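Below are the chains, spelled out letter by letter.
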Amino acid sequence: MTTSARPLSVAVIGAGMAGRSHAAGYRNVNTVFGAGLPPVRLAAIADANVALGEDAARRYGFERALASWEAVVEDPTIDAVSIVVGNALHRPIAEALVAAGKHVLCEKPLAGSMEDARAMAELERTAEVVTSVGYTFRRAPGIAAIRDHVQRAELGDLTLFSGRYWCDYATDPNGPLSWRFKGAPGSGALGDVGSHIIDAAEYVAGPIASVSGASLSTQITKRPLPLGTVVGHNAPVSDEFGEVENEDTASFTARFESGLVGTFSVTRTGFGLPNGLFFDVLGVGGRAAFDQHRPAEYLYDDALPDPRTRGARQIIAGPNLPYFGGGVPMEAPGVGASNGDNFTYQARAFLDQVAGVAEPLPACASFADALRTMEIIQAVVESSRTNGAAVSVPPAV
């Protein structure tokens, strides 16, 4: 493990939207929580789009931009790396980084195929470095607080989990045909945003045992080919169109190992919903709900108030919630919490693992955890192919 005797050197592979979020997280890790981390050296951001990489390096204070991920692998001074590129590239980059003795934080979903995901989970089993996956919503104070309510049985026996992740980034039929629209069924909205809500469901309510009633659909079947690199969801486009290969929308039901029933829907063509991760978890003694469009709060209801005044209560994020205390400059309720904060907490948790600090944040999801999410997605795809038949998920380890 890296010690405080020397700086901890980090790099980010990928300078797009999520890559910049990782970069900002690394820049902020020593401004939050305790003083356990060594100094963090912001070494490099790598991207084949050199201008994009140079801009990200300048904005977030990294020493230099590199033109390839191979250059990160070959740099012996770099200790820990975030992989934030197209899913199909995750496996070769992770394998090369691990072989070079570097710690890895990989964006979700774990890989572009089940074969690659299984290989990465096997790589982790024998790796002598930290290997983690970026399920950033685990760091939302409201979601972490709801998980605590469930684990303390404050909602009573759970009766229903209803989760959805509705986004609108693909509603424009003239949006470019980027890598997000290429790949087998399950690699579209399910892999992109569905992986987040599936992970959040298991994080809050426990393992899923089977899925059924699945349906996948594509609303916009052709998109214009991009002229140049797609950054985020935007790029100039040509007059030539290509086929969308994966799903825009998916829905399914699930049965958890506890017997709990869950309902799920995901879409990237949900008009007016920029980043709509929502869920409700119901029990015989209470209810909790989270809405990413209102990330600095959650709703909570139980039987404690008098029946005349009972109802859902708005819990404003403050130092009493996980991550908030010590995690924001102004530790007072009502000053907000954001997706950017979650990336800082995630980066801190990853580097806590790397540095072996005495009181680390809860560990990041592992490659094995992310493989499980992909196994659930694969079961959803199989259910959709068999007219909604029930499909079992391998037991949680």
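All values derive from a computational prediction rather than experimental measurement. (Residues numbered from 1 in each chain as written. Predicted model: local features only at pLDDT ≥ 70, side-chain atom pairs only at ≥ 80, totals over all residues. Heavy atoms only, no water.)

### Digging into the side chain of Ser162
Among the secondary structure elements, Ser162 is positioned in strand E7 (residues 158–166). Side-chain polar atoms of Ser162 contact the side chain of Thr263, separated by 3.3 Å. Each residue touching Ser162, except ones within four places of it in the same chain, is listed here: Thr263, Phe278, Phe279 and Asp280. (Helix = DSSP H or I, 4+ residues; strand = E, 2+ residues; numbered from the N terminus. Polar contact = N/O pair within 3.5 Å; in protein donor to acceptor, adjacent residues only side chain to side chain. Contact = heavy atoms within 4.5 Å.)

### So, the environment of Gly272
Mapped onto the elements, Gly272 comes out in the loop between strand E12 (261–267) and strand E13 (276–283). Accessibility expressed as a relative area gives 48% for Gly272, which makes it partly exposed. Along the primary structure Gly272 and Leu160 are separated by 112 residues, whereas in three dimensions their C-alpha atoms are 27 Å apart. (Buried < 20%, exposed > 50% of the residue type's maximum accessible area, 1.4 Å probe, protein only.)

### Some thoughts on helix H5 (residues 114–126)
Over its 13 residues, H5 extends 19 Å from the first C-alpha to the last, a length consistent with the 18 Å expected when each residue adds 1.5 Å. Here H5 has its buried residues at Met114, Asp116, Ala117, Met120, Ala121, Leu123 and Glu124. (Expected span 1.5 Å × (residues − 1).)

### Points about the pattern of salt bridges
Applying the stated criterion to the full structure yields 24 salt bridges. Where Asp55 meets Arg20, a salt bridge forms, and the shortest distance between an N and an O atom there is 3.0 Å. Of this pair, Asp55 sits in helix H2 (residues 50–60) while Arg20 sits in helix H1 (residues 17–28); the two residues are 35 residues apart in sequence, bridging distant segments of the chain. For Arg20, a relative accessible area of 15% translates into the label buried. Each of the salt bridges in this network shares a partner with another, and the network as a whole consists of Arg20, Asp55, Arg58 and Arg59. (Salt bridge = Lys/Arg side-chain N within 4 Å of Asp/Glu carboxyl O.)

### Focus on the sheet that holds strand E4 (residues 80–83)
Taken together, the six strands give an open sheet; going across it, the order is E3-E2-E1-E4-E5-E6, and neighbouring strands pair in parallel fashion. Strands at the two margins of the open sheet, each flanked by one partner only, are strand E3 (64–66) and strand E6 (131–134). With strand direction ignored, the average angle separating the axes of adjacent strands in the sheet is 25 degrees. For strand E1 (residues 8–13) and E4, the ladder comprises four bridges, and the chain directions are parallel. Considered in E4, the bridge of Ala11 is made with Val81. (Pairing = 2+ DSSP bridges. Axes fitted to C-alpha atoms, helices over the stretch in contact; angles between N-to-C directions.)

### Quick look at H1
With twelve residues, H1 should reach 16 Å at 1.5 Å per residue; the first-to-last C-alpha distance of 17 Å fits that figure. Where H1 is concerned, the buried positions are Gly19, Arg20, His22, Ala23, Ala24, Gly25 and Tyr26.

### Thoughts on the nonpolar core
With 87 residues, the main nonpolar core has Tyr26 and Phe62 as its most contacted residues. The greatest single-element share of this core, amounting to ten residues, is contributed by helix H7 (residues 189–205). Aside from chain neighbours lying at most four places away, what touches Tyr26 is Val10, Ala11, Val12, Val40, Leu42, Phe62, Val81, Ser82, Leu105, Ala347, Phe350 and Leu351. (Core = buried A, V, L, I, M, F, W, Y, C linked by side-chain atoms within 4.5 Å.)

### Topic: the sheet that holds strand E15 (residues 297–302)
Ordered in space as E16-E15-E14-E13-E7-E12-E11-E8-E17, the nine strands form an open sheet in which the pairing is mixed. The open sheet has two edge strands with one neighbour each: strand E16 (313–316) and strand E17 (391–392). Two strands pair when backbone bridges link them, and E7 and E13 are joined in this way by eight bridges, in the antiparallel orientation. In the strand pairing of E13, Gly163 is matched with Phe279.

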